[in-house]
Amino acid sequence: MNKKRYLVTSALPYANGYIHLGHIAGAYLPADIYVKYKRLKKEDVIFICGSDEHGTAIEISALKEKVTPKEIIDRYHFANEKAFRDLGIEFDIYSRTSNEIHHKTSQEFFLNLYNKKLLIKKSEKQLYSEIDKKFLADRFVEGTCPICGYEEARGDQCEACGSNLSPLELINPKSKISGDTPIIKESSNFYFPLEKFQTKLEEWISKKTNWKSNVKNYCEGWFKTGLKDRAITRDLDWGVKVPLEGYEGKVIYVWFEAPIGYISATKELFIKKGDPEKWKEYWCDDNTKLIHFIGKDNIIFHAIVFPAMLMAHSGFILPENIPANEFLNLEGGKLSKSKGHGILVKDIVQEYNPDLVRYVVASNLPENKDSDLSIEDFKTKNNNELAGILGNFINRTVVFTKNKFNNKVPERNRNDLEILEDIKKQTEVIEECYENFRFRDALNETMNLARIANKYFNDSEPWNVIKTDIEKCKHIINNCLNICYSIAIAIYPLLPFTSKKILKILNVENSDLSWDKIGKINLVENVELGTNEILFPQIENINKSLENKMEEEITITDFQKLNLKIAKVITCEKVPNSKKLLKLKIKIGKDERQIVAGIAEHYTADELIDKSIVVVANMKKTKIMGIESEGMLLAAKINNKLVLITTDKPIDDGAEVS
RNA sequence: GCCGGAGUAGCUCAGCUGGUUAGAGCGUCGGAAUCAUAAUCCGCAGGUCGGGGGUUCAAGUCCCUCCUCCGGUACCA
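This is a predicted model, so every value here is computed, not measured.

## With respect to the overall build of chain A
A tally of regular secondary structure across chain A gives 19 helices and 28 strands. Within the span of chain A, comprising 658 residues, buried residues form 54% of the whole. Counted over contacts in chain A with a minimum sequence separation of 6, partners at least 24 positions apart contribute 74%. Per element, the accessible surface of chain A, about 30400 Å² overall, is 48% carbon and sulfur.

## Some remarks on the packing of aromatic side chains
As enumerated under the stated definition, the model contains 38 aromatic pairs in all. An aromatic cluster is built from Phe109, Phe192, Phe197, Trp255, Phe256, Tyr262, Trp279, Trp283, Phe306 and Phe316, whose rings are joined through pairwise contacts. When the ring centre of Tyr191 is taken as reference, the NZ or CZ atom of Lys122 above it lies at 4.2 Å. Taking NZ or CZ as reference, Lys346 lies 4.7 Å from the ring centre of Tyr18, over its face.

## Considering the nonpolar core
Membership of the largest hydrophobic core comes to 157 residues, with the highest contact counts inside it found for Leu21, Ile24, Phe192, Phe256 and Phe378. Counting contributing residues, this core receives three or more from each of domain 1 (5-117 + 193-325) and domain 3 (372-517). Residues contacting Phe192, with those up to four places away along its chain left out, are Leu113, Leu119, Phe197, Asp229, Arg230, Ile232, Trp255, Phe256, Ala308, Met309 and Ala312. With 15 residues, the next largest nonpolar core counts Leu582, Ile586, Ile599 and Leu644 among its residues.

## Examining the domain arrangement of chain A
Frequently, the measure chosen for interface size is the accessible area removed from exposure when the parts meet. Here chain A is described as being made up of domain 1 (5-117 + 193-325), domain 2 (120-192), domain 3 (372-517) and domain 4 (556-657). For domain 1 and domain 2, the distance between their C-alpha centroids amounts to 29 Å. Domain 1 puts 27 residues into the contact, and the matching count from domain 2 is 16 residues. Interface area for domain 1 against domain 2, summed over the two sides, is near 1800 Å², with a carbon-plus-sulfur share of 63%. Of all elements in the fold, only helix 2 (56-65), helix 4 (100-115), strand 10 (230-231), strand 11 (233-235), helix 7 (254-272) and helix 9 (299-313) reach the threshold of two or more residues within the side of domain 1 that touches domain 2. Here the side of domain 1 that touches domain 2 gets four residues from one element, more than from any other, and that element is helix 2. The residue makeup of the side of domain 1 that touches domain 2, split by class, is 18 nonpolar, two polar and seven charged.

## Observations regarding the side chain of Ser499
Inspection of the secondary structure puts Ser499 in helix 17 (residues 496-505). Here Ser499 falls in the buried class, since its relative accessible area comes to 0%. What Ser499 contacts, discounting residues up to four positions off in sequence, is Ala488, Ile491, Tyr492 and Leu513.

## Quick notes on the environment of Ile271
On the secondary structure map, Ile271 appears in helix 7. For Ile271, a relative accessible area of 46% gives the class partly exposed.

## Here we look at the sheet that holds strand 3 (residues 93-96)
Pairing within the open sheet is parallel, and its five strands lie in the order 3-2-1-14-15. In this open sheet, the two edge strands, each paired with only one partner strand, are strand 3 and strand 15 (319-321). On average, adjacent strands in this sheet sit at an angle of 35° to one another, irrespective of strand direction. Both strand 14 (residues 288-293) and strand 15 contribute to a ladder of two bridges, which runs parallel. Paired with Leu290 across the strands is Pro319, a residue of strand 15.

## What to know about helix 13 (residues 418-435)
Given a rise of 1.5 Å per residue, 18 residues ought to cover 26 Å, and the 26 Å separating the end C-alpha atoms of helix 13 matches this to within 8%. For helix 13, the full list of buried residues reads Ile419, Leu420, Ile423, Gln426, Thr427, Ile430, Glu431, Cys433 and Tyr434. Take helix 13 and look down its axis: the buried residues cluster within an arc of 160°, on one side only. Turned more than 90 degrees off the buried face of helix 13, the exposed positions are Glu418 and Lys425. Contact partners of the buried residues in helix 13: helix 1 (21-40), helix 14 (439-460) and helix 16 (470-490). Immediately downstream of helix 13, the backbone of Phe437 shows phi near 60°, a positive value.

## Some points on the packing of helix 7 against helix 9
Where helix 7 contacts helix 9, the two axes come as close as 10 Å, and the packing angle between them is 80°. Here helix 9 runs roughly perpendicular to helix 7, going by the angle between their axes. Residues Trp255, Phe256, Pro259, Ile260, Tyr262 and Ile263 of helix 7 pack against Phe301, His302, Val305, Phe306, Met309 and Leu310 of helix 9. Here the contact of helix 7 with helix 9 is built from residues that sort into eleven nonpolar, one polar and no charged.

## Details of the pairing of strand 9 (residues 183-192)
Both strand 4 (residues 120-129) and strand 9 contribute to a ladder of nine bridges, which runs antiparallel. Bridging across to strand 9, Lys122 finds its partner in Asn189. Bridging between strand 9 and strand 10 involves two bridges; their strand directions are antiparallel. Bridge pairing in strand 10 places Tyr191 opposite Ala231.

## A look at the sheet that holds strand 13 (residues 250-252)
Strand order in the open sheet formed by three strands is 11-13-12, with antiparallel pairing between adjacent strands. Strands with a single pairing partner mark the edges of an open sheet, and in this sheet they are strand 11 and strand 12 (240-241). In this structure, strand 11 lies alongside strand 13, joined through three bridges in antiparallel fashion. Each residue of the ladder has a partner; that of Arg234, found in strand 13, is Val251.

Rules used in this analysis
- Residues numbered from 1 in each chain as written.
- Chains lettered and ligands numbered in written order.
- Predicted model: local features only at pLDDT ≥ 70, side-chain atom pairs only at ≥ 80, totals over all residues.
- Heavy atoms only, no water.
- Helix = DSSP H or I, 4+ residues; strand = E, 2+ residues; numbered from the N terminus.
- Buried < 20%, exposed > 50% of the residue type's maximum accessible area, 1.4 Å probe, protein only.
- Contact = heavy atoms within 4.5 Å.
- Areas by Shrake-Rupley, 256 points an atom, 1.4 Å probe, with all protein chains shown as cover.
- Phe/Tyr/Trp six-rings, centres within 6.5 Å; stacked < 30°, edge-to-face > 60°.
- Lys NZ or Arg CZ within 6 Å of the ring centre and 35° of its normal.
- Core = buried A, V, L, I, M, F, W, Y, C linked by side-chain atoms within 4.5 Å.
- Domains from an automatic or database assignment.
- Buried area = accessible area lost by both parts, 1.4 Å probe.
- Nonpolar A, V, L, I, M, F, W, Y, C, P; charged D, E, K, R; others polar.
- Pairing = 2+ DSSP bridges.
- Axes fitted to C-alpha atoms, helices over the stretch in contact; angles between N-to-C directions.
- Expected span 1.5 Å × (residues − 1).
- Arc of directions from axis to C-beta.
- Parallel < 35°, antiparallel > 145°, perpendicular 65-115°, else oblique.

Rendered as structure tokens:
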């Protein structure tokens, strides 16, 4: 019988931004907890992750910052790698898709499908720049929108009117790289026949009775719409080159190549370990359970696209489970980079004990639905739970030992194992949680160990017993110290740093942790303890500013780009068929113009007439629901309240705001 | 507009295929204790399970409808 193996992956973070708590809650912390638990159970498990480093977004960031893509990916790759490490998230390997081994692996994968004639070749007219010497990907083209006339529409979409475009539709297209006017040229690209795999996928997923319902629901949604073939190559520089002659200047699309990163990273891991063939045990052997930890935005890729790719390639195992999480909100608001709302890991670890961060996130994991995290939690959970329940038990036990028994493990002197058995029994409850990917429950049940322990301490009253029966007291404290050790093991998946600290306090730093040791007698009598330490000092104040650290700072020059003016509303009417749009005519000095504003849910058209408002006067023209808008009015918004910005005292329209 | 998801105690959330008095953690309150980071332990708190209607012997749990929020997708030439 072959032993079961676990191959655990966390979604490859895109190397175009810093990791924040939403990411951690979605894909990384649950995976790390799971892996640590499996390791305690002495299971064969490897934990794979790495940076996803290709794609247009990175290339565009590089273009914007006038640096090479390599600089961008290096910045985020190393920063994120460190962020994970700081949080105690320990991958066996944190690789990156820019590595040579990944390029090679992806190309082999591609060729495998190509040689089987599975890929569909489609020729399409594409824009080609003779100066840049390449085909221009959608987002590298700019031109006039054929629908609304907006002059800087992107190749894929017009930001002004929202129309989806293809670069060929643009009037006067220009290369965003060189400004060159591209010509139309035939370009052929390959498509992956996803449609063909739909039946097989549906069948496969229908058998996955232990998958979370949210994951299955998403899949069913996609099936219902019908899977469509997806382009697998595109005209770009930055990425894995298409390994065929005549396809120079084309790369493999990131969605295809990134998940292969799990395979390349596994290869890399075993090359480093000096056993270069061993990766196959994890990817090609049915005794291995492949588990992808991801956020819900990634479900389509891990539950549908990648499995289809693996089926097409054949020889690989398919995922056993995909315990995708929903999204983590912060103070009721969505975590989003663009809105400057969120907590970056690199910042939070400066502020708090990483185990506290793990604890707060783990107790709020969005396992069944989007969840909400409050900054206040860092304080209350630290003080009330970690310090009060867990830290306190360790501390009261150790301090008691120090004061009454010379800081040495007192002797056992009776045959009473009941409390240790209770502890053991509780761990079975915890195990069940882990096996079912219920990490929030696991955390709660783990804390119950400390609750049981505190109760035992209270009920046993060693501070009284010592006055009448010192032997009995020794036994009690011996139990408590052994419970401390058990707790150190049990909390290890959740609070690895604290676990180590407890071992140090117990002076058994080098002991090999194993789940089986929980509820057993592990400490040697009369051995002296180490130095005590307060595990979770009380937190008095919390730093609310953390949530805003994502906001970009600007200079006065940036501000001056805005041309803010006072305007007077002349007429105003509701835009038919819209929920929140009002169309208003405004007067800015001599200038009269029309703007469309999304405030109908807060103001009626009549209320606005004659009001003095503040508008951004140099806003690019745009069309909203087909209506031209030549500016943007300012309003303050919080929760669901919205009020217009107006002036303190009357002032003529046209006045500048600065 | 359409398709999903969600709306359960003050807060954060559990409640599988409908079935005894709707649960947990934290907070609040009362009590016990004082070894411990004013930490612990015990007890209590009574929430029309978003509104309304329906099916059923029985619904938080199924059906219809409405409201609110969140995703996805479409359209508004």
